[in-house]
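What follows is the residue order along each chain.
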Amino acid sequence: MSKTLELPWVEKYRPHVLDDIVGNEETIERLKIIVQDGNMPNMIISGLPGIGKTTSVHCLAYELLGKEHYHQATLELNASDDRGIDVVRNKIKQFAQTKISLPPGRTKIIILDEADSMTPGAQQALRRTMEIYSNTTRFAFACNQSSKIIEPLQSRCAILRYNKLSDEEVLKRLLDIIKSENVQYNNEGLQALIFSAEGDMRQAINNLQSTVAGFGFVNDVNVFKIVDQPHPLVIQNILSNCLQGDVDKALGLLDGLWHKGYSAIDIVTSTFKVAKTIPNVDESKRLNMIKEIGFVHMRVLEGVGSYLQLCGMYAKICDL
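These numbers were taken from a predicted model, which means no experiment stands behind them. (Residues numbered from 1 in each chain as written. Predicted model: local features only at pLDDT ≥ 70, side-chain atom pairs only at ≥ 80, totals over all residues. Heavy atoms only, no water.)

A. Region of the structure containing the layout of surface pockets. Taken as a whole, the largest pocket spans an internal volume of roughly 660 Å³. The wall of the largest pocket is formed by 30 residues, among which R14, P15, G52, T54 and T55 lie closest to the centre. Mapped onto the lining of the largest pocket, the elements with two or more residues apiece are helix 1 (9-12), helix 3 (53-70), strand 4 (137-143) and helix 9 (201-215). The element contributing the most residues to the lining of the largest pocket is helix 3, with eight residues. Its residues placed into classes, the lining of the largest pocket shows 15 nonpolar, seven polar and eight charged. Roughly 270 Å³ of internal volume is contained in the second largest pocket. Along the walls of the second largest pocket sit 14 residues, with Q191, F195, P232, L233 and Q236 positioned nearest its centre. (1 Å grid on protein atoms, 1.4 Å probe; cavity = no way out; pocket = protein on both sides within 12 Å on 5 of 7 lines; lining within 4 Å. Points joined across faces, edges and corners; volume = space filled by probe spheres on them. Helix = DSSP H or I, 4+ residues; strand = E, 2+ residues; numbered from the N terminus. Nonpolar A, V, L, I, M, F, W, Y, C, P; charged D, E, K, R; others polar.)

See below:
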C-alpha cells in the first residue's frame, strides 16, 4: 500500500483552525467572534452528518486554549462511549473538578458528540453539573437533531444550526485533496462523487479515497461501483422511457439492475435523486413522479422491498 494511504484522508485533511472549515460561513464567523472575545458559551451545534460540526468545535477549542492547553483542557465523549448517568456523575464531574491552569478568561471544554443519543436521564443529570461548574467549564453538544436534547439543556445553550454543504464547496475541497495526492480523475468521476455524497463532506472524501485505493482512477463507473449505487444514467434512461410511455423498455433496464444485485432501497433512492434533476420535464409532472416514488420509498422502508413494488412504481410513472 502506498504511503499516502496510511492515514485516512478524512483525518489527514481535517481542518485544525476555523479558517480552514468549508461552508456555513455565517456560523463560522460567529465562532471566530467567540475566539476573539475568549468567552465561549455552552452551545448546541445541530445539522446533518459529515458537514463539520465536531470539527468546528475542536477548531474552536484549539484556537481558544492554544496548542499547549488544548489536549489537557478538552474532554470529548462520543456516542460510542457509554454515556449514561454514571458517566455524567463520574467522568464529566471529575473532569469539571480538575484544576488546570489556563490563560485568564479561558475555561475547560467538554465536547459531547452525537449528544442526541444520550439517555434523557443522563441529560437531566447534566443540568446541575453545567450550573455548578459554569465558572471553569463549558459544554459543546454536537447532534443531528437538536429536538432530541431536553428543553432545560436547550435553554442553557446557544444553538447554532449547520446547513448541508453545497456541491461547489464539496468540489473545492475534493480538488484540493486530488491535487495534494496526485489523483488521476475525470470530470464525470467528480460529478459522481458529489452526486453520491449529497452534501456530506466526510462521505465524499471517503468515497474518493476508496475509489483511488480500489481502481487507481476516479471516473463515474468506478465511483458508483465503490458506493454500490445504480448508475444515474441507467436510472435516467428508465425514467425517460417511462415518460415516453414505453414500460417494456423501462422494465428491461430495471431487470438489468435487479440481476446485478441492487436492492429495492438502492434503486428507489437513486430514482428519487435523478427525478429531482431530470431535464425537460414540466414541474407538475415532476411533482407527481416524486409523489409516486415517495409512496414506494415508504413501503420499501416498511419492509416490502420486492421487485413487484419497483415495477408498479415505474408503471405508475408511465401512466403520468
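B. Representation of helix 15 (residues 307-319). Look at helix 15: 19 Å from first C-alpha to last across 13 residues, which is about the 18 Å you get at 1.5 Å a residue. Within the sequence span of helix 15, burial applies to Q309, L310, C311, M313, Y314, I317 and C318. Elements that come into contact with the buried residues of helix 15 comprise helix 11 (232-243), helix 12 (247-259), helix 13 (264-277) and helix 14 (283-301). (Expected span 1.5 Å × (residues − 1). Buried < 20%, exposed > 50% of the residue type's maximum accessible area, 1.4 Å probe, protein only. Contact = heavy atoms within 4.5 Å.)

C. Spotlight on the side chain of R173. Within the secondary structure, R173 sits in helix 7 (residues 167-181). Look past the residues within four positions of R173 in its chain and what remains in contact with it is Y13, P15, D20, V22, M201 and I205.

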